[in-house]
Amino acid sequence: MIYLKMGLAILCLLLVMDLFLLIHRWFPQFPSWALWGLLLLFVLPCITFNTIFPIFYLHLMFCLLITQLICLIFHQDVKGWVFFIPFLLAITICIYGIFNMKNIEKTTYDLQTSKEIPDTKIVMISDLHYPNAMTEKDLNNMVKDLQKEKPSFYILNGDIVDEFTSVDQMKTVFQTLGKLTKTANVYYVFGNHDNQHYANEPAFSKETLKKVIESNGITVLQDDILHFDQITLIGREDSEEKRESLKSLVKTCNLDSYIIVFDHQPKDISLCEKLGVDLQLSGHTHNGQIFPVGSLANSLGIFEHDYGMIKKGNFTQITTSGIHGWGFPTRTEGISEYVSISITSN
Ligand SMILES: [Fe+2]
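Keep in mind that this is a model prediction, so the values were computed, not measured.

## Brief notes about the overall build of the protein
In step 1: Across its full length, the protein carries 10 helices and 12 strands.
In step 2: With respect to the principal axes defined by its C-alpha atoms, the protein has extents near 80 × 45 × 35 Å.
In step 3: Expressed as a percentage of the 346 residues in the protein, the buried residues total 37%.
In step 4: Long-range contacts, defined here as pairs at least 24 residues apart, represent 75% of the contacts in the protein between residues at least 6 apart.

Structure (structure tokens):
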């Protein structure tokens, strides 16, 4: 977190310097000290951190650099449009991002297996990071939509809360998600943010969180295995915690059953395939959430699988971009989604 805040501070300073150079060239008669002061006041809202402001400055910086590059290529002087177009673009992108974050789409996958299993429908949500931009009304509407799906079971695949969530908000979100248990069983695995270990002063402990989740009828899976009719569920502890190896977990499973692994972070994907796992479900990546994070992560290969479905023989892996997003109330990359997976025997 500290590195992210330092990065944003450096970005704001670069933005101030860039704007100073541009405006000073355009209005050389304007006193430098007054311009510095005004520009520093302009970027001051960035200290609010988990608001729209840092994202606005990030996109403004990006758009300013593009327009300046265009000016340089076409030997154009600094004129009004060099400011106004980037400002307009950054505002438009942020407004789009707020709507995009709040607009939850349904993504459907239809899978087939040669194993004899009953028709199964899984509804997965991940990376809610409640509340961020989500109101209690939005949360209730989301749960109503999820109830209409009538799946065989739900999986809450981590990062349902984070270091910005208060105790009351944590209780509210799990009480509301607990309503899903009237429709089908609900399983939960920890994400890297849920237990607030990035917070200086956590509002709740992992033990308290677990008690609240379970008191709402949701089953927590921490390196636990559940056996059903020809279906085995393995819920892994988050990879940033001490956890059982995948090999030791799979060793106890009946390989004739359809094995599904829930792992918040998309890791051990090749190992899943090698060990005979049929389906691995993850979240965590948000598919970037803030442009160009996702595109950069994808090209640098930071995650084993950023978004969507991979099929290798009998093995399938699905990474969701999450139903909401972390930190900033906007999504300028990827979509907010819940995932519905239907599995049938062929
Ligand atoms: Fe995560």
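Moving on from the coordinates now.
## Notes on the UniProt feature "domain: Calcineurin-like phosphoesterase" (unreviewed entry) in the protein
In step 1: This chain's UniProt record puts "domain: Calcineurin-like phosphoesterase" (unreviewed entry) on residues 121–287.
In step 2: Annotation note: span residues 121–287, helix share 28%, strand share 20%, distance between end C-alpha atoms 24 Å.

## Regarding helix H6 (residues 167–177)
In step 1: Taken together, the buried positions of H6 are Met170, Val173, Phe174 and Leu177. Projected down its long axis, H6 shows its buried positions confined to an angular sector of 90°, all on one face.
In step 2: Buried residues in H6 make contact with helix H5 (136–148), strand E3 (153–156), strand E4 (185–188) and helix H7 (206–215).

## Some remarks on unusual backbone geometry
In step 1: The step from Tyr130 to Pro131 runs through a cis peptide bond, and the omega angle for that step is 5°.
In step 2: Looking at where Pro131 falls in the secondary structure, it is placed in the loop between strand E2 (120–125) and H5.
In step 3: The residue His129 is not glycine, and still its phi comes out positive at about 50°.
In step 4: Relative to the assigned elements, His129 resides in the loop between E2 and H5.
In step 5: Even without glycine at this site, Asp223 takes up a positive phi of about 55°.

## Describing the sheet that holds strand E10 (residues 308–312)
In step 1: Across the sheet, which stays open at both edges, the 6 strands sit in the order E6-E7-E8-E9-E11-E10 with mixed pairing between neighbours. Two strands in the sheet have a free side with no partner beyond their single neighbour: strand E6 (224–228) and E10. Shown here is a sheet whose adjacent strand axes are inclined to one another by a mean of 15°, direction ignored.
In step 2: Across 5 bridges, E10 lies against strand E11 (residues 315–319) in antiparallel orientation. Following the sheet pairing, Gly308 is matched in E11 by Thr319.

## Things to note about the nonpolar core
In step 1: Grouped together as the largest cluster of nonpolar side chains are 51 residues, with contacts concentrated most on Met124, Ile155, Leu156, Val173 and Ile260.
In step 2: In terms of residue count, strand E8 (residues 258–262) provides more of this core than any other element does, 5 residues in total.
In step 3: Here Val173 is in contact with Leu128, Tyr130, Leu139, Ile160 and Val161, once residues within four sequence places are set aside.
In step 4: With 16 residues, the next largest nonpolar core counts Leu19, Phe56, Leu64 and Cys94 among its residues.

## Section: the packing of H6 against H7
In step 1: Packing of H6 against H7 leaves a shortest axis separation of 8 Å and a crossing angle of 30°. One element, H6, and the other, H7, form an angle in the roughly parallel class. Along this stretch, H6 crosses H7, giving a crossing that reads as right-handed. Contacts from Met170, Lys171 and Phe174 of H6 reach H7 at Leu209, Val212 and Ile213.

## Describing the environment of Ile66
In step 1: Inspection of the secondary structure puts Ile66 in helix H3 (residues 53–73).
In step 2: For Ile66, a count of 13 C-beta atoms within 10 Å translates into the label partly exposed.
In step 3: Measuring from C-alpha to C-alpha, the distance between Ile66 and Glu136 comes to 39 Å, with 70 residues separating the pair along the chain.

## Digging into the domain arrangement of the protein
In step 1: Taken domain by domain, the protein consists of domain 1 (2–100) and domain 2 (105–345).
In step 2: Centre-to-centre separation of domain 1 and domain 2, based on C-alpha positions: 37 Å.
In step 3: Contacts between the two partners involve 10 residues from domain 1 and, on the opposite side, 10 residues from domain 2.
In step 4: Secondary structure elements with two or more residues in the side of domain 1 that touches domain 2: H3 and helix H4 (80–102).
In step 5: If one sorts the elements of the side of domain 1 that touches domain 2 by residue count, H4 sits on top with 5 residues.
In step 6: Residues of the side of domain 1 that touches domain 2, tallied by class, amount to 6 nonpolar, 4 polar and no charged.

## Re H3
In step 1: A rise of 1.5 Å per residue sets the reference length of H3, with its 21 residues, at 30 Å; its end C-alpha atoms lie 30 Å apart and thus fit the reference within 8%.
In step 2: Residues Pro54, Ile55, Phe56, Tyr57, Leu58, His59, Leu60 and Leu64 constitute the buried set of H3.
In step 3: In the stretch just after H3, His75 is the one whose phi turns positive, near 50°.

## So, the UniProt feature "transmembrane region" (unreviewed entry) in the protein
In step 1: As recorded in UniProt, the sites labelled "transmembrane region" (unreviewed entry) are residues 7–27, 33–49 and 81–99.
In step 2: In residues 7–27, helix accounts for 95% and strand for 0%; the two terminal C-alpha atoms are 30 Å from one another.
In step 3: In residues 33–49, the share of helix is 65% and the share of strand is 0%. The end C-alpha atoms are 26 Å apart.

Parameters and conventions
- Residues numbered from 1 in each chain as written.
- Predicted model: local features only at pLDDT ≥ 70, side-chain atom pairs only at ≥ 80, totals over all residues.
- Helix = DSSP H or I, 4+ residues; strand = E, 2+ residues; numbered from the N terminus.
- Buried ≥ 20, exposed ≤ 12 C-beta atoms within 10 Å, placed from the backbone.
- Contact = placed C-beta atoms within 7 Å.
- UniProt positions renumbered as here; feature names shortened; annotations may be inferred.
- Arc of directions from axis to C-beta.
- Pairing = 2+ DSSP bridges.
- Axes fitted to C-alpha atoms, helices over the stretch in contact; angles between N-to-C directions.
- Core = buried A, V, L, I, M, F, W, Y, C linked by C-beta atoms within 7 Å.
- Parallel < 35°, antiparallel > 145°, perpendicular 65-115°, else oblique.
- Left-handed = near helix turned anticlockwise from the far one by under 90°.
- Domains from an automatic or database assignment.
- Nonpolar A, V, L, I, M, F, W, Y, C, P; charged D, E, K, R; others polar.
- Expected span 1.5 Å × (residues − 1).

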